[in-house]
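# Analysis of the macromolecular model
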Amino acid sequence: MLLVVLLSHRFDLTETHVFIQNHRPYAAIISILVYILIGFTFIPAIPLTLFLAVLLTPLQAALLATIGNTLAALIHYKIGQTMGDVFDFKEKKSRLPFGLGKLPLSSPLLLIACRYIPFGKRGFSYVCGTYQVDFSRYLWTTLFVYGIDSFILAYCGASLSQLIFR
């Protein structure tokens, strides 16, 4: 907590803005890496998307958020595949409580809907990998959800910041 207070005290938004404007390729790579790292924590990526929408353009922020979050989800999916193989999940699937083993996880509607369960985005990627959900279906539904969410968040956040900071 002390580190956050010290960093925020020394943080200069104009200096950061100039750095990002002068080093856009590095800013994009760093942003994507930060999205991937955030994907392994319980820290939401929303502040990063809003920050990028204000410093870059909303379109650039939305694209970076979509790419970064999707890459993190793909890593989670691959880890889930490994977990399913290691723990022989296919055999244990039928014994899950509440009929969870019978959920139609290959359904695009369910793949999209489960992304909106609180704290579901990250954990659901592991589950999809464990259940061996068709990769192409998993990929397009993940891109769809993160794309829509990122564009709405970036454009609304940038518009709101313009109203507040005028």
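Since the model is a prediction, treat every value here as computed from it, not as a measurement.

## What to know about the side chain of T49
Tracing the sequence through the fold places T49 in helix α4 (residues 46-55). Leave out the neighbours within four places in its chain, and T49 touches Y35, A61, A65, S150, L153 and A154.

## So, the packing of aromatic side chains
Under the criterion given, the structure shown has three aromatic pairs. Consider the rings of Y77 and Y138, whose centres lie 4.5 Å apart with planes at 25°: the pair is stacked. On the criterion of sequence distance, the pair formed by Y77 in helix α5 (residues 58-86) and Y138 in helix α9 (residues 135-164) is long-range, its members being 61 residues apart. Since its relative accessible area comes to 2%, Y77 is described here as buried. An aromatic cluster of three or more residues is present, and its members are Y77, F135 and Y138.

## Regarding the environment of I30
In this fold, I30 is placed in helix α3 (residues 24-38). Exposure remark for I30: the relative accessible area of 46% places this residue in the partly exposed category. In the structure, I30 is positioned 38 residues away from G68 in sequence and 9.9 Å away in space, judged by C-alpha atoms.

Definitions and limits used
Residues numbered from 1 in each chain as written. Predicted model: local features only at pLDDT ≥ 70, side-chain atom pairs only at ≥ 80, totals over all residues. Heavy atoms only, no water. Helix = DSSP H or I, 4+ residues; strand = E, 2+ residues; numbered from the N terminus. Contact = heavy atoms within 4.5 Å. Phe/Tyr/Trp six-rings, centres within 6.5 Å; stacked < 30°, edge-to-face > 60°. Buried < 20%, exposed > 50% of the residue type's maximum accessible area, 1.4 Å probe, protein only.

By themselves these figures say nothing about function.
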